[in-house]
Amino acid sequence: MTLRIAWFATAKGTSSRQLLRTVFDAIDHGQLDAEIVCVVCNRERGQSTNTDAFLDDVERARIPLVCRSSAQWRRNVNGAISDPAGELAPWRRDFDRHLFERIQPFQPDIGMMAGYMMVVSDVICDQLPCLNLHPALPDGPIGTWQSVVRQLLAERATHSGMMLQRVTTELDRGPVVSWARYDIRGATFDRQWTAHADQTGTEAPLFKAIRQAGASREPFFILESLQAIANGRISIPDVNLQTAGAELTDQVEARMAN
């Protein structure tokens, strides 16, 4: 059965376009038995050039768009900014309820969070199995990719990775669906570790190299994960079941080598 996907993205950065394009191209070429039934974005046109370019891609692909600015919604209701690690502000559940009502007619099987910069409330994740791409290993740092890289630098880490988790109301702590690992040492990195390990700015050479190592693998990782779900080789765990997840390192590295 074709996997029906509601694709969620804020598209704050440039990688969101590549993630969606890789999956859409795989579907278009018959390499993935799935359909992106809608794209959900919590920004509207004019808020960001990166988001605008992402929305252009979606429209060119003729994928239905569900757009609503979360920032404008918050201002309209004079709402507080939520603490991602704490309780969500009351308006957040109303916002998610609005989105879910617009998503339902497309009848998705899953939601795919790929660069969606919002913590999803129970209004969505209790009714639709949602998967979140997180740029770290299951036992790695939580938070944004910037926070993850800074912690890797602080720990002088030798490797990192990425995972898909079932979305829960607890930030980056849902059951693991799949994961892949990659090295951040060796010929590409050792000289930069020596010269730039103490530089934590996002434009620092080592910081950028670690991020690029992950970002370049993320489209292949998502594709391999969705293929495995569509084919029944990976199942999405129950929201209360902690699992080790399926390792896809070899599959991702094989795609990187091609």
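The structure under discussion appears in the preceding block.
Quick word on the pattern of salt bridges
Then comes step 1: The tally for this structure, following the rule as stated, stands at 13 salt bridges.
Then comes step 2: One salt bridge connects R156 with D198, and the closest N-O pair in it is separated by 2.9 Å. Of this pair, R156 sits in the loop between α6 (145–155) and β6 (159–166) while D198 is found in the loop between α7 (190–196) and α8 (205–215), placing the two residues 42 residues apart along the sequence.
Then comes step 3: Given the relative accessible area of 39%, R156 is considered partly exposed.
Then comes step 4: Using a relative accessible area of 65% as the deciding quantity, one classes D198 as exposed.
Then comes step 5: Between R217 and E253 there is a salt bridge, with the nearest N and O atoms lying 2.7 Å from each other. In this pair, R217 is assigned in the loop between α8 and α9 (218–230) and E253 in helix α10 (residues 249–257), connecting sequence segments 36 residues apart.

Here we look at the nonpolar core
Then comes step 1: Core analysis: the biggest nonpolar cluster contains 56 residues, and W7, L32, F54, M112, I210, I222 and L226 have the highest contact counts within it.
Then comes step 2: No other element matches α9, which puts 7 residues into this core.
Then comes step 3: Setting aside residues up to four positions removed in sequence, I210 forms contacts with V149, L152, L153, Y182, I184, F189 and W193.
Then comes step 4: Among the nonpolar cores identified, the runner-up in size contains 22 residues, and W73, F100, V120 and I124 belong to it.

About the thresholds
- Each chain carries its own residue numbering, running from 1 in the direction its sequence is written.
- Whole-chain, interface and lining totals are the exception, using all residues; otherwise, since this is a predicted model, local features are given only for residues with pLDDT of at least 70 and side-chain atom pairs are given and counted only at 80 or more.
- Side-chain numbers here rest on the full set of heavy atoms in the structure, without hydrogens or water.
- We define a salt bridge as a side-chain nitrogen of Lys or Arg found within 4 Å of a carboxyl oxygen belonging to Asp or Glu.
- Helix and strand assignments come from DSSP, with helices taken as H or I runs of at least 4 residues and strands as E runs of at least 2, each series counted from the N terminus.
- Per-residue accessibility, obtained with a 1.4 Å probe over protein chains only, is compared with the maximum for each type, and a residue is labelled buried under 20%, exposed over 50%, and partly exposed between these values.
- To qualify as a nonpolar core, a set must consist of buried Ala, Val, Leu, Ile, Met, Phe, Trp, Tyr and Cys residues joined through side-chain atoms within 4.5 Å.
- Throughout, a residue-residue contact means that at least one pair of heavy atoms, one from each residue, lies within 4.5 Å.

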